[in-house]
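Structure assessment
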Amino acid sequence: MTSSYTQEKNDLPPSNGLAIINSKAPFSSNHGKDALDVALIFGSFEQKVSLFFQGDGVYQLIADQDARLVSIKDYLKTFSAFEFYDIEDIYVCQQSLVNRQLEEKFHIGDVQVLSSIEFGLALNRHQHVLRF
Amino acid sequence: MTSSYTQEKNDLPPSNGLAIINSKAPFSSNHGKDALDVALIFGSFEQKVSLFFQGDGVYQLIADQDARLVSIKDYLKTFSAFEFYDIEDIYVCQQSLVNRQLEEKFHIGDVQVLSSIEFGLALNRHQHVLRF
Amino acid sequence: MKTLAVVVTTPPYSHLTISALTYVEAALVAGINVIGVFFYQDGAMHANKDISIASDEYQAIEHWQRLNKEYQLPLHICITAAEKRGIACDSIDNDQVNEAFTVSGLGELVELTTKAARLVQF
Amino acid sequence: MKTLAVVVTTPPYSHLTISALTYVEAALVAGINVIGVFFYQDGAMHANKDISIASDEYQAIEHWQRLNKEYQLPLHICITAAEKRGIACDSIDNDQVNEAFTVSGLGELVELTTKAARLVQF
Amino acid sequence: MSTLHLVRQSAFATNDFAQCLSVLDHQDSIVLMDDGCYNLKHSLMDSLIKRVDGTLSINVITRHAQARAIEISAAVQHIEMSDVVELTFNHTKVITWQ
Amino acid sequence: MSTLHLVRQSAFATNDFAQCLSVLDHQDSIVLMDDGCYNLKHSLMDSLIKRVDGTLSINVITRHAQARAIEISAAVQHIEMSDVVELTFNHTKVITWQ
């Protein structure tokens, strides 16, 4: 939940892992859940996976949501399992938050808020990218 | 293929027919074809149906397209059957054309180019609306 | 008598279908005469008997079946849309089609539209 | 050796699938080692044997079958995505699944991703 | 001749809400539902609210907004799905923007 | 570390192309395909073309543009699908914006 992005990290070699870009709002489509399933399976195979939230995808991170109010199973709760699966790199696009008048108040910890340039650089350190 | 919309028409009572709004570009999804199937079935049952093209839907009307170049069956050719089915009211949103830098050059005749206000008024004269 | 026809174009695994269901049930509860629901495009997938949604997820199909039973709500699927999506409709017994649904052509949509005072799409 | 894995998320009746096919075939012709295509989300519908697309439309499934045969291109469908979309995969003979496709779990996507030099999504 | 507009998509993601607004008449009503609720925070909303003059009404389905942790502004009506049914028959037609 | 961006959606309809541009690096390449071809006429394109400085390259699949009756501007490269395969391996990764 910090907007700092240290030079040290930028100097790291490519992580050779998978980056998943989440671009869709959480409740009206299955994209968020489908992306989550991919992330968790990579985690369970001990493969490096990082999560990126951009555009309407940033809504997936916002605190105080409750899918049960609209009869949907709350898959966002499963985000708390990221730690268990060693999914530690969670990035959100600051510009997308600002555009949507959203505060940096998330329902999981350790979300890194990045400028567009930092977001692009972080994405660039991965070998493969899937976008949902 | 005229942008005029006479006062006489505006004074007509509700047509009690169906308006179909086409909002999607022609080749990447089935929406255009699915809307066409609905229009033709209404025509064949001698029910009044009008077609509206707005947003990326205006691309469905543009001249000189060739779906076969991308291995798609050219359903746009079937638009020429509108006359046979007495589908005569075909409206396109001028602002959508302008935004996309498109000329008023269509692959069928009798397309009426309307301002947003005229487009809304024409829509309003129908009893039911479906949007694809 | 207020008459209503509804068109559903979203698949059963889309959460958008929940709003369609909630709306139709609210209409039925309010005494509206819902003369039929027409499932078009991806909506046709609702009639696939083999669809298996995780048991802790919203069971859209079961809810449509319930409305069909409780209110005799007619549920039509478009045959062309269904066949495109892998529901075999051409056999005599149509054993892949959920029995709450009627296999119809687009002509049924014309019927519903001309008979209903309001047509609402979801 | 250049290795490539491809993920397809669009259904067989979407024209977007044509671009995926054209790309994969171009890769195979260029001698790229396409280690597998993984059909996820609506892409899983490709394996439904009962899908019937009008004969004058592009037959995406037949083209995938052809690439599978000519190049031994592995085609994997995600079982969860398939079951959600009405393809019964749990029976022993899987008689609803097109034989050119292998019913797989998401673990297969992990395999493909870790083995391939490039991963491309369509 | 008034229209009920059901808005189901985020204007941050797609152009549909803008298309809706371009044909909006002063007697119409809007219902924000599903991802349409996000539009409460979109700049298109500000200009729309200025157009509300007693006839045009803007509504949002309370549960749909609450589920998404969206604060409902005072300029819009909080409604339930049963109200949407009523609005359906208070207007002469319905257009769904999805 | 360069990226090949496959752009498949119209920027007139959705926000995806804008998201692509926000992470674009100067060594990257863009391929406009499917409805992404429409972006040739979008205002986002004008600012993008100004950024082309010899490393960033913008390509369009000729048939995809021709099918849509889109005139191809001189500022972009006309390519075939086989070129996309080559570009795939000339860059270190691929992101598809669809």
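It should be noted that the structure appears before, not after, this text.
What you see is a predicted model, and the numbers here were worked out from it, not measured in a lab.

Another aspect to go through is the overall build of chain C. Scanning chain C from terminus to terminus reveals four helices and five strands. Ordered by position from N to C terminus, the α and β elements of chain C give β-α-β-α-β-α-β-α-β. Its C-alpha atoms give chain C a radius of gyration of 13 Å, within 12% of the compact-globule value 14 Å for 122 residues. Seen through its principal axes, chain C has C-alpha atoms that stretch 35 × 35 × 20 Å. Of all 122 residues assigned to chain C, the portion counted as buried reaches 64%. Across chain C, the fraction of contacts at a sequence separation of at least 24, relative to all contacts at a separation of at least 6, is 81%. Surface summary for chain C: the accessible area is close to 4,300 Å², and the carbon and sulfur share equals 49%. Of the side-chain charges in chain C, 8 are positive and 14 negative, and the distance between the mean point of each set is 10 Å.

All names here are of chain B. Even without being glycine, Glu46 reaches a positive phi, approximately 55 degrees. Considering the arrangement of structural elements, one finds Glu46 in the loop between helix H2 (31–44) and strand S2 (49–53). Residue Glu46 is classed as exposed on the basis of its relative accessible area of 73%. With a phi angle near 65 degrees, Ser71 is a residue other than glycine that sits in the positive phi range. Within the secondary structure layout, Ser71 lies in the loop between S2 and strand S3 (90–93).

At the junction of the two partners, chain D supplies 18 residues and chain F supplies 17 residues. Summed over both partners, the interface of chain D with chain F comes to about 1,400 Å²; 66% of that surface belongs to carbon and sulfur atoms. The interface formed by chain D and chain F contains zero salt bridges. Put simply, the parts of the chain that give the side of chain D that touches chain F at least two residues each are strand S1 (3–8), helix H1 (16–29) and strand S5 (118–121) of chain D. Here the element with the most residues in the side of chain D that touches chain F is H1(D); it accounts for six residues. Classifying every residue of the side of chain D that touches chain F gives eleven nonpolar, five polar and two charged.

This part is about the interface of chain B and chain E. Quite often, the size of an interface is put as the accessible area lost when its parts meet. Taken residue by residue, the interface counts 17 residues in chain B and 15 residues in chain E. Buried surface at the junction of chain B and chain E, both sides included, amounts to about 1,200 Å², of which 48% is carbon and sulfur. Of all residues in chain B, B:Gln54, B:Asn124 and B:Arg131 give up the largest surface area on contact with chain E, accounting jointly for 47% of the area buried on that side. The tally of links between chain B and chain E comes to one salt bridge. B:Arg131 is paired through a salt bridge with E:Asp16; the nearest N and O atoms lie 2.8 Å apart. Across the contact surface, chain B and chain E share nine residue pairs in polar contact (both at pLDDT 80 or more). Counting only elements with at least two residues in the side of chain B that touches chain E, the list comes to helix H4 (116–124) and strand S5 (128–131) of chain B. In terms of residues, the side of chain B that touches chain E owes the most to one element, H4(B), which gives five residues. Of the residues assigned to the side of chain B that touches chain E, the class counts are five nonpolar, eight polar and four charged.

With that out of the way, let us pick up the nonpolar core. A general tendency of soluble globular proteins is for nonpolar side chains to be buried together. Judged by nonpolar contacts, the single largest core of 178 residues is most densely connected at A:Val38, B:Val38, C:Tyr23, C:Trp64, D:Tyr23 and D:Trp64. When residues no more than four places from it in sequence are discounted, the contact partners of B:Val38 are B:Leu18, B:Ile20, B:Leu130, B:Phe132, C:Tyr40, C:Leu106 and C:Leu109.

Rules of the game
Residues numbered from 1 in each chain as written. Chains lettered and ligands numbered in written order. Predicted model: local features only at pLDDT ≥ 70, side-chain atom pairs only at ≥ 80, totals over all residues. Heavy atoms only, no water. Helix = DSSP H or I, 4+ residues; strand = E, 2+ residues; numbered from the N terminus. Rg over C-alpha atoms; globule rule 2.2 N^0.38 Å. Buried < 20%, exposed > 50% of the residue type's maximum accessible area, 1.4 Å probe, protein only. Contact = heavy atoms within 4.5 Å. Areas by Shrake-Rupley, 256 points an atom, 1.4 Å probe, with all protein chains shown as cover. Lys, Arg positive; Asp, Glu negative; His and termini not counted. Charge placed at Lys NZ, Arg CZ, Asp CG, Glu CD. Buried area = accessible area lost by both parts, 1.4 Å probe. Salt bridge = Lys/Arg side-chain N within 4 Å of Asp/Glu carboxyl O. Nonpolar A, V, L, I, M, F, W, Y, C, P; charged D, E, K, R; others polar. Polar contact = N/O pair within 3.5 Å; in protein donor to acceptor, adjacent residues only side chain to side chain. Core = buried A, V, L, I, M, F, W, Y, C linked by side-chain atoms within 4.5 Å.

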